[in-house]
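Residues per chain are reported as follows:
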Amino acid sequence: MTAPRPPDAIEADQAAVIFAEFAAAAELALRFPADGCYARTHVMVQRLIGRGLAPAKVWAFAAGVTDLLRVETPHHPGGRVQWAYHVAPALLVHRPDGGAQEMVFDPLLFDRPVPVDEWRRALHDTPTLVRTAPGEPPLPERGGSGYWPGPDPLEGPDVHAHETLEDYRQASA
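Residues numbered from 1 in each chain as written. Predicted model: local features only at pLDDT ≥ 70, side-chain atom pairs only at ≥ 80, totals over all residues. Heavy atoms only, no water.

Student: What's the story with the nonpolar core in this structure? I'm lost.
Tutor: Note that soluble globular proteins tend to have their nonpolar side chains buried in a common cluster. Residues Leu28, Phe105 and Trp119 are the most contacted members of the largest nonpolar core, which totals 46 residues. The contacts of Leu28, once residues within four sequence positions are left out, are Phe22, Arg40, Val43, Met44 and Leu165. (Core = buried A, V, L, I, M, F, W, Y, C linked by side-chain atoms within 4.5 Å. Buried < 20%, exposed > 50% of the residue type's maximum accessible area, 1.4 Å probe, protein only. Contact = heavy atoms within 4.5 Å.)

Take a look at the structure:
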């Protein structure tokens with residue numbers, strides 16, 4: 001007898017299709033790695049919700065200002081970028097054994113959805129991880145809706161995300 005499949009999880013082939021769509025989306029400004037993960041994640045989460053899916057956001061916070069998150073990238077003049085935090089969307093994905101695993105969709109860092117722990121290790125640090133639902137702030141004491149770790153931009157997250165990504169897309173063209 002097989003175990004019941006988690007109802008909020010998607011099939012692995014569906015996850016691969018979604019990831020490929022994100023990776024090919026020029027409007028996500030994936031060639032501008034220095035900033036904008038909050039805007040990219042906002043747009044991706046909105047698209048996932050629009051498909052009737054139940055995404056989360058996974059946040060990684062650096063241990064401190066002298067121990068920042070970092071990744072190697074060909075899309076930055078210095079060959080690497082550093083961040084105080086990084087965020088990406090996550091979904092539950094069915095495993096072959098019938099269970100499910102939370103997978104991170106981060107086309108800035110990977111060419112496929114990856115388990116949360118693999119994503120954390122790619123940041124070359126021992127970050128503090130925080131998982132939030134859409135609309136939930138990662139640091140409640142700072143306020144906001146979870147667009148980024150603080151109060152929302154005055155023009156609202158949707159407008160800010162699209163304007164930011166367009167600016168970064170043009171800067172990296």
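Structure shown, so let's carry the discussion forward.
Student: Help me understand unusual backbone geometry in this model?
Tutor: In terms of backbone geometry, most residues other than glycine have negative phi values and most peptide bonds are trans. Even without being glycine, Ala29 reaches a positive phi, approximately 50 degrees. Within the fold, Ala29 resides in the loop between helix H1 (12-24) and helix H2 (37-50). Judged by relative accessible area, Ala29 falls into the buried class, the value being 3%. (Helix = DSSP H or I, 4+ residues; strand = E, 2+ residues; numbered from the N terminus.)

Student: In this structure, what is going on with the sheet that holds strand S6 (residues 114-115)? I would like to understand it.
Tutor: The pairing of strands in a sheet happens through backbone hydrogen bonds and is either parallel or antiparallel. Strand order in the open sheet made by the five strands is S6-S5-S4-S1-S7, with antiparallel pairing throughout. Of all the strands in the sheet, the pair left with one neighbour each is S6 and strand S7 (128-132). Of the strands in this sheet, strand S1 (56-61) and strand S4 (85-94) touch H2, which is tilted by about 25 degrees from S4. (Pairing = 2+ DSSP bridges. Axes fitted to C-alpha atoms, helices over the stretch in contact; angles between N-to-C directions.)

Student: I tried to follow the side chain of Thr132 on my own but got confused; where do I start?
Tutor: Looking at where Thr132 falls in the secondary structure, it is placed in strand S7. On the basis of relative accessibility, which here comes to 1%, the residue Thr132 falls in the buried class. Looking at Thr132, its side chain comes within polar contact range of the side chain of Trp59, at 3.0 Å. The contacts of Thr132, once residues within four sequence positions are left out, are Ala56, Lys57, Trp59, Pro137 and Pro138. (Polar contact = N/O pair within 3.5 Å; in protein donor to acceptor, adjacent residues only side chain to side chain.)

Student: What is the right way to read helix H4 (residues 157-171) from this model?
Tutor: Because each turn of an α-helix spans 3.6 residues, side chains separated by three or four positions in sequence point in the same direction. Over its 15 residues, H4 runs 21 Å from end to end, which matches the ideal 21 Å to within 8%, given 1.5 Å per residue. The set of residues buried in H4 consists of Pro157, His160, Ala161, Thr164, Leu165 and Tyr168. Buried residues of H4, viewed axially, fall in a sector of 120 degrees; they line one side. Along H4, exposed side chains directed more than 90 degrees from the buried face belong to Asp167 and Gln170. (Expected span 1.5 Å × (residues − 1). Arc of directions from axis to C-beta.)

Student: Could you clarify how one ought to interpret the pattern of salt bridges in this entry?
Tutor: Charged atoms that come close allow side chains of opposite charge to pair. Enumeration according to the criterion identifies nine salt bridges in this entry. A salt bridge links Asp97 to Arg95; its shortest N-O distance comes to 3.2 Å. A residue is classified by how much of its surface remains accessible, and Asp97, at 57% relative accessible area, is exposed. For Arg95, a relative accessible area of 32% translates into the label partly exposed. By sharing partners, the salt bridges in this structure join Asp111, Arg112 and Glu118 into a single network. (Salt bridge = Lys/Arg side-chain N within 4 Å of Asp/Glu carboxyl O.)

Student: Help me out: how do you make sense of H1 in this one?
Tutor: For H1, built from 13 residues, the straight-helix expectation of 18 Å at 1.5 Å per residue is met to within 8% by its first-to-last C-alpha distance of 18 Å. Turning to H1, its buried residues number three or more, namely Ala15, Ile18, Phe19 and Phe22. Each buried residue of H1 lies within a common arc of 100 degrees when the element is viewed along its axis, so the set occupies one face. Within H1, the exposed residues directed more than 90 degrees away from the buried face are Asp13 and Ala24. Structurally, H1 contributes buried residues whose contacts are with H2 and S4.

Student: Help me understand the packing of aromatic side chains, please; the structure alone is not making it clear to me.
Tutor: We describe a pair of aromatic rings using the distance from one ring centre to the other and the angle between the two ring planes. For the coordinates displayed, the defined rule picks out eight aromatic pairs. Measuring from centroid to centroid gives 6.3 Å for Phe19 and Phe105, while their planes differ by 40 degrees, and the two rings are tilted. Here Phe19 is found in helix H1, whereas its partner Phe105 is found in the loop between strand S5 (100-104) and S6, with 86 residues between them in sequence. For the pair shown, Phe19 and Phe105 are each scored as buried. Relative to Tyr168, the ring of Phe32 has its centre 4.2 Å away and its plane inclined at 15 degrees; by these criteria the two rings are stacked. With Phe32 in the loop between H1 and H2 and Tyr168 in helix H4, this residue pair connects regions lying 136 residues apart in the sequence. Members of the aromatic cluster, connected to one another through ring pairs, are Tyr38, Tyr147 and Trp148. (Phe/Tyr/Trp six-rings, centres within 6.5 Å; stacked < 30°, edge-to-face > 60°.)

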